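Summary of structural features
For reference, the chains in residue letters:
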Amino acid sequence: MPTKIVVVTSGKGGVGKTTTSASFATGLAMRGHKTCVIDFDVGLRNLDLIMGVERRVVYDFINVINEEAKLSQALIKDKQIDNLYILAASQTRDKDALKEEGVERVLEELKAMDFAYIVCDSPAGIETGALMAMHFADEALIVTNPEVSSVRDSDRILGMLNSKTKRAIEGKEPIKEHLLITRYNPNRVEGGHMLSLEDIHEILRTPLIGVIPESEIVLQASNQGTPAIAMNGSDVSEAYKDVVRRFEGEDRPMRFIEAVKPSLFKRLFGGK
Amino acid sequence: MAQAQTTGKSSSARGAAVLELKSASLSLLALVLKSADPAELAAGLAEKLGDSPGMFSNDPVVIDLSQLERAERAPAAADPDAQGQLALDAGAPHPLDLAAVVALLREHQMQPVAVQGATPEELEQAQALGLADASGQDLTRTRGAEPRTVVQEVEVVREVVREVAVPGEAARTLIIDKPLRSGQQVYAKGADLVVMALVSHGAEVIADGSIHVYAPLRGKAIAGARGNADARIFSLSMEAELISIAGIYRTTENPLPDTVLRKPAQIRLDGEKLVFEPF
């Protein structure tokens, strides 16, 4: 099977791209696929923090692009999950160091190493970093919060996915788009404070691959340097596992989208 | 018009072939030269095409040299029964300068693509100019009929050109079938615009003619961009954030009337006023 390059992008910042890249890549590796996740946020890298490998970064993506190091020297093998590799971004350089030919060469080298999936963690915005992350993608996860500015930015990014990427420029089959709603709080949707799934679909008209509920587990996970999907038993972990299954073609009903009325006990004594 | 016949190959593996060879045929005009004298040719072309300058628009043409008077062609010149041979003028026939002939034809918007009936020397000139050798092909009917055929075609075309001389070009239409996302802009220059999918908030659709959106229109719509007050804006769900026809505009700070908001509707200009009408 040919290598699939999947970009995790959003436009808006802070919606959960890096959290998703880490969990999505981990989820694929847990299912037995050789997976590499690359941080394209040059200068503001944090994928390595979320994955818990920040103390093991010696060479990074830019070193490999500039041929200052070999790919095998820069790839960090995850200690917990087999098949999972991380390519960190540089902290000291900036996005001008990302050159299209260099990025293409590194991706081709990864393909030659028989990776099944290459997950590209995009930075926020629509500048070089984001454009480079999406340029060679075959599929895309568009991470969106159920909130107006995030939805508007996701719309912009959808436009760029079908016009500024290699597939679009060369007139090939378009990038397969998957909408991922994160930080979803069904109670606030019910109260009319947040956009519902139907509202978002009405605006974006993109197939939904999953809904990740708002959860404190995400903060705990990043503090521990563990991807959220590895926090077994939590709703976030289950939701990300569903996303990976759907990505591989399984049909799973959406979970964690119903508002839960707190029991009388909870309402009397606080708690969610 | 080229007609292609498939070769019966099945396109199995993706990316297996980057090109295919198919048999095809092309209808051409044959320009039969009787003289190689550039001055005579220029005069002849000017006379035939002078009052229909737009008759050819880079139409492919094969230069038929089989009836050309040639000094070297001693047998042909001596043979009075040679078909189509005209009486020799006084003075030696002009040697063929194919490059000059090609340049002259191109001036008249003809695109020479091949030669036929050429001598080896003429063929060398043709190949140097990138023209194909059509000698092996069965061009049209008989040699003798060719001149008549050419003349007939010229006359027929001339009539047609005269008939449609006056009316202006029909307005073309630019058709978009993918959704237009925030930040994308489309301008249908000198044409109508048809969009068959969603126009998101923050997208811009602009046309010198009318705008037709067969889906929700949520972005900015600017019709009659160069002043055409007859332009209209149509949508199956009118939710535009800005409407403009021939410069008269309205933002939805002033909300669209309920009769048209999110309904199939059209907007047109009545004098200086935008008029909103549901279908």
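For the structure itself, look to the data block above.
Residues numbered from 1 in each chain as written. Chains lettered and ligands numbered in written order. Predicted model: local features only at pLDDT ≥ 70, side-chain atom pairs only at ≥ 80, totals over all residues. Heavy atoms only, no water.

1. Here's the deal with the overall build of chain A
Note the cut-off: Every helix listed is a DSSP run of H or I at least four residues long, and every strand listed is a run of E at least two residues long, numbered separately from the N terminus. Only protein chains enter the accessibility calculation, which uses a 1.4 Å probe; a residue whose area is less than 20% of its type maximum is buried, one above 50% is exposed, and one in between is partly exposed. By definition, residues are in contact when any of their heavy atoms lie within 4.5 Å.
Counting its regular elements, chain A contains 13 helices and eight strands. The 272 residues of chain A split such that 52% are buried. Residue pairs at least 24 apart in sequence account for 75% of intrachain contacts in chain A once pairs closer than 6 positions are excluded.

2. Thoughts on the sheet that holds strand S11 (residues 211-217) of chain B
Residue and element names in this part refer to chain B. To keep things clear, this is the line we draw: DSSP-based pairing: two strands are paired if at least 2 bridges between them are found. Axis definition: a line fitted to C-alpha atoms, limited for helices to the stretch in contact. Angles are taken between N-to-C directions and run from 0 to 180 degrees.
The mixed open sheet is built from six strands, whose spatial order is S7-S9-S11-S13-S16-S17. At either margin of the open sheet sits one strand with a lone partner, and together these are strand S7 (172-176) and strand S17 (273-278). Between one strand axis and the next, the sheet turns by 20 degrees as a mean value, whatever way the strands run. Looking at chain direction, S11 and strand S13 (residues 233-238) are connected through five bridges and run parallel. Bridge pairing in S13 links Pro216 to Ser237.

3. A short note on the sheet that holds strand S10 (residues 204-207) of chain B
All names here are of chain B. Across the sheet, five strands lie side by side as S8-S10-S12-S14-S15; this open sheet has mixed pairing. Because the sheet does not close on itself, it has two edges, and the strands there are strand S8 (185-188) and strand S15 (248-251). Pairs of neighbouring strands in the sheet enclose a mean axial angle of 5 degrees, with direction left out of account.

4. Notes on the interface of chain A and chain B
Accessible area lost upon the coming together of the parts serves often as the stated size of an interface. So the rule is basically this: Summed over both partners, the accessible area (1.4 Å probe) lost when two parts come together is defined as the buried area. What counts as a salt bridge is simple: a side-chain nitrogen of Lys or Arg found within 4 Å of a carboxyl oxygen of Asp or Glu.
Contact with chain A, which involves 14 residues of that partner, is made by 13 residues of chain B. The contact between chain A and chain B buries some 1,100 Å² in all, and 36% of this surface belongs to carbon and sulfur atoms. Broken down residue by residue, the surface that chain A buries against chain B is led by Arg152, Asp155 and Asn162 of chain A, which jointly contribute 41%. Counting across the chain A and chain B interface gives two salt bridges.

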